[in-house]
Amino acid sequence: MAAAEPSPFMRLAIDEARRAVGRTSPNPPVGAVVVRDGAVVGRGHTQPPGGAHAEVMALGDAGERARGATVYCTLEPCAHHGRTPPCTDALLAAGVAAVRYAVGDPDPKVGGRGHAALAAAGVDVEAGDGEAAASEVLAGYLKHRRTGLPLVVVKYAASLDGRIAASSGDSRWVSGPETLAWAHDQRQRLDAIVVGSGTVVADDPSLTARPGGATAGVHQPLRVVVDSRGRTPASAKVLVGPSPTLIATTEASPAGWRAEMAARGAEVLTLPASEGADGRAHVDLEALLRELGRRGMLVALFEGGGVLLGSLFDRKLVDRVYAVLAPLVIGAARAPAPVAGRGAERMADAVRLRDVTVQRLGEDTLIAGVPMWPDATGERRR
């Protein structure tokens, strides 16, 4: 059965929530609108940590017009004291008549308490309007509160024959300018962007968000380099720029190199190692994700290369896939593929995507979806 579409006012609240994505962690990106006599009289979204929540912003925008109004918000209002007072208190003080929220909050501090507090005070409360659409915007927060881990998004650009570079390693550029612009717009909505040391050595990326070509005033994700043995050079662009850098490594990397990375301003994090498909020790990616989750990060984008992405797929750690296909054929047997690792021995073991969407980015095609992992019988589970 198809998910019910959000009501028109909840759709506006979801649009507000999208404006907060990437800027609120560890808090959820929530949107809210205040409606009176069929018209929107206030709107708002969650501010960066320490700032007001969406409901408070929308109530402030509405002023006295909030009395007797209906508030539409994408997440159940909080009823506990954190960095800011409870949103339920603000709603009651404003004298709203009704609250409609899309998704119940899985945080143990909330977990139905917001709904109960409002209902006990005589406010007409209903849940579920636009739940599926709001959950998509809140996906990172919902996973983090349920598991302690960030949402893991994998992105790569490949040729029609499944290559991310030529046989020489040259990869500038597989995709076109419209894809690059889309990627920079997406980066400002992330908590972390992660690459392997091979990508740093081959491409020397900056890993900054540059929508429109500028970084001024743009939210920058944490840059993470997974470098098990100390390959990142001191001259790497990822070590300079407007955002911090975390180097995730193992005891196999030289102590002198770790000290050099720290001297260049990077945070060096030594993590446990686990055996990869090549039989060598690599950074334990589950340990890395636990650390990112501990830091309150809700969404982490992994951009490659193939060894890193293959390890994520082998361990069933991927939550979303963004695959960009460019209209070119490289055709070299030695050219690298976007996903390595152990992979599937049978087609029944291959990972398929559900909830697939297709979008044109100039001449490129973006295919997005959610992995369905096959179990031992070949059945697929979400």
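Just above, that's the structure.
An account of the accompanying structure is given in this report. (Residues numbered from 1 in each chain as written. Predicted model: local features only at pLDDT ≥ 70, side-chain atom pairs only at ≥ 80, totals over all residues. Heavy atoms only, no water.)

Here we look at the overall build of the protein chain
- Per the secondary structure count, the protein chain includes 11 helices and 17 strands.
- Relative to the compact-globule value of 21 Å for 382 residues, the protein chain shows a C-alpha radius of gyration of 23 Å, a close match.
- Expressed along its principal axes, the backbone C-alpha trace of the protein chain runs to roughly 65 × 50 × 40 Å.
- Buried positions account for 48% of the 382 residues belonging to the protein chain. (Helix = DSSP H or I, 4+ residues; strand = E, 2+ residues; numbered from the N terminus. Rg over C-alpha atoms; globule rule 2.2 N^0.38 Å. Buried < 20%, exposed > 50% of the residue type's maximum accessible area, 1.4 Å probe, protein only.)

Description of the environment of T357
- Topologically, T357 is positioned in strand 15 (residues 352–361).
- Distance from T357 to Y322, taken between C-alpha atoms, is 9.7 Å for residues 35 residues apart in sequence.
- Discounting chain neighbours no more than four positions away, the residues touching T357 are L366, I367 and A368. (Contact = heavy atoms within 4.5 Å.)

Quick word on helix 7 (residues 177–187)
- Among the residues making up helix 7, those that are buried are T179, W182, A183, H184 and R187.
- Of the surrounding elements, those touching the buried residues of helix 7 are strand 6 (151–159), strand 7 (192–196), strand 14 (320–326), strand 15 and strand 16 (364–374).

Observations concerning unusual backbone geometry
- The linkage connecting S25 with the following residue, P26, adopts the cis geometry, with an omega of 5°.
- Along the chain, P26 falls in the loop between helix 1 (8–18) and strand 1 (31–36).
- Although it is not a glycine, L207 adopts a positive phi angle of roughly 60°.

Points about a nonpolar patch on the surface
- Taken together, the side chains of L160, L325 and V329 define a hydrophobic patch exposed on the protein surface, amounting to about 280 Å² of accessible area.
- Here V329 shows up in the loop between strand 14 and strand 15. (Patch = residues over 30% accessible without salt bridge, like charges linked within 9 Å, V, L, I, M, F, W, Y side chains within 5 Å. Areas by Shrake-Rupley, 256 points an atom, 1.4 Å probe, with all protein chains shown as cover. Salt bridge = Lys/Arg side-chain N within 4 Å of Asp/Glu carboxyl O.)

A word on helix 6 (residues 139–147)
- Buried within helix 6 we find A139, G140, Y141, L142, K143 and H144.
- Looking one or two residues past helix 6, G148 carries a phi angle of roughly 80°, positive in sign.

As for the side chain of D227
- As for its position among the elements, D227 is in the loop between strand 8 (222–226) and strand 9 (245–249).
- There is no salt bridge for the buried D227, and the closest opposite charge comes from R231, which lies 5.9 Å off by N-O distance.
- At a separation of 2.8 Å, a polar atom in the side chain of D227 contacts the main-chain amide nitrogen of R231.
- Leaving out residues up to four positions away in the same chain, D227 has contacts with S197, T232, I247, A248, T249, T250 and W257. (Lys, Arg positive; Asp, Glu negative; His and termini not counted. Polar contact = N/O pair within 3.5 Å; in protein donor to acceptor, adjacent residues only side chain to side chain.)

Some thoughts on the sheet that holds strand 5 (residues 124–127)
- With mixed pairing, five strands are arranged side by side in an open sheet as 2-1-3-4-5. The open sheet is flanked by strand 2 (39–45) and strand 5, the only strands paired with a single partner. Sheet twist, expressed as the mean angle between neighbouring strand axes with direction ignored, is 15°.
- For strand 3 (residues 70–75) and strand 4 (residues 98–103), the ladder comprises five bridges, and the chain directions are parallel. The residue bridging T70 from the neighbouring strand is A98, located in strand 4. (Pairing = 2+ DSSP bridges. Axes fitted to C-alpha atoms, helices over the stretch in contact; angles between N-to-C directions.)

Brief notes about the environment of P242
- With respect to the helices and strands, P242 occurs in the loop between strand 8 and strand 9.
- Through-space distance from the C-alpha of P242 to that of P221 is 9.7 Å; in sequence the pair is 21 residues apart.
- Look past the residues within four positions of P242 in its chain and what remains in contact with it is T208, T215 and Q220.

Details of the nonpolar core
- With 55 residues, the main nonpolar core has V34, L59 and V99 as its most contacted residues.
- For V34, the contacting residues outside a window of four places in its chain are A39, V40, V41, G42, A58, L59, A62, A66, A69, T70 and V71.
- Counting residues in hydrophobic clusters, the runner-up holds 31 residues, among them V226, L309, L312 and L317. (Core = buried A, V, L, I, M, F, W, Y, C linked by side-chain atoms within 4.5 Å.)

Focus: the side chain of D364
- Within the element layout of this structure, D364 appears in strand 16.
- Buried charged residue D364 carries no salt bridge. Nearest counter-charge: R360, at 7.7 Å.
- A distance of 2.7 Å separates a polar atom in the side chain of D364 from the backbone nitrogen of G176.
- Setting aside its immediate chain neighbours within four residues, D364 contacts S175, G176, T179, V324, L325, A326, P327 and Q359.

Details of the packing of aromatic side chains
- Per the stated rule, a full pass over the model turns up three aromatic pairs.
- Between F9 and Y72 the ring centres are 5.5 Å apart and the planes differ by 45°, which places this aromatic pair in the tilted class. With F9 in helix 1 and Y72 in strand 3, the pair connects residues that are 63 residues apart, well separated along the chain.
- Note on Y72: relative accessible area 14%, which makes it buried.
- Both rings, one in W182 and one in Y322, keep their centres 5.5 Å apart while their planes meet at 80°; by these two values the pair is edge-to-face. Here the residue W182 occupies a position in helix 7, and Y322 occupies one in strand 14, the gap between them amounting to 140 residues.
- When its relative accessible area of 12% is taken as the criterion, W182 is described as buried. (Phe/Tyr/Trp six-rings, centres within 6.5 Å; stacked < 30°, edge-to-face > 60°.)

Keep in mind that these numbers describe shape and distance, not what the molecule does.
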